[in-house]
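Descriptive analysis of the structure
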Amino acid sequence: MSRTPVVVLISGTGSTLAALLEAGAHPDCPYEIVGVIADKEAAGLAHARAAGVPTAVVRLADHADRAAWDRALAEAVAGFSPRLVVLAGFMKLLGAPLLEAHPGRIINTHPALLPSFPGAHGVRDALAHGVKVTGATVIEVDAGVDTGRILAQVAVEVREDDTEATLHERIKQAEQPLLVDVVRRLTAANRTEQEPIA
């Protein structure tokens, strides 16, 4: 069986990347992670290197401006010829070059039940609003901030003694298997090169 090539973008420790790599190591997995790209020398790159997956670092500081970085990131992704691009803790918004090169084929997770609490502080905002249930969402990335089509969600209870850190950790524990499941589902079917994967 030909496996669907996937590129993962990270910025941090790579715990979600590790979950994707672990699932991808199974012989029946429909996807293969062919490259991991970070916007800095992120700790999570060690997971890819340990698994023998090629890596690249595309730093904003190494480029004349944001537009040049957007183009460089798109070129780095294109170098791996992916059918799906997965953001796994990637902390920068994507520019038009990457979005236009992979329409309907970029997904991301968010630590809240979208459309509630979009943006960089989804966990903190949910706590501040006093909700009893929050969760994680997998979306198709578009040009907005957490505005893309919702692909899957999982609920997480908010406990009375939760802090932002404890709640975020439990959301991550629910988010990782959810993302792995979505990536497996999206890559399982044989699709034409022009067809959006999601």
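The model shown is predicted, which means the values in this text are computed figures rather than measured ones.

**Some thoughts on the environment of P5**
As for its placement among the helices and strands, P5 is situated in strand β1 (residues 4-10). Separated by 97 residues in the primary sequence, P5 and H102 place their C-alpha atoms 13 Å from one another. Setting aside its immediate chain neighbours within four residues, P5 contacts E32, V34, S81, P82, R83 and L84.

**Section: the pairing of strand β6 (residues 133-140)**
A large share of β6 lies buried, amounting to seven of its eight residues. Where strand β5 (residues 106-110) lies against β6, four bridges are found, and the strand directions are antiparallel. Its bridge partner being in β6, H110 is matched across the sheet by T137. Relative to strand β7 (residues 150-157), β6 runs antiparallel, the two being bridged by seven bridges. Residue pairing in the sheet places V133 in a bridge with E157 of β7.

The rules we used
- Residues numbered from 1 in each chain as written.
- Predicted model: local features only at pLDDT ≥ 70, side-chain atom pairs only at ≥ 80, totals over all residues.
- Heavy atoms only, no water.
- Helix = DSSP H or I, 4+ residues; strand = E, 2+ residues; numbered from the N terminus.
- Contact = heavy atoms within 4.5 Å.
- Buried < 20%, exposed > 50% of the residue type's maximum accessible area, 1.4 Å probe, protein only.
- Pairing = 2+ DSSP bridges.

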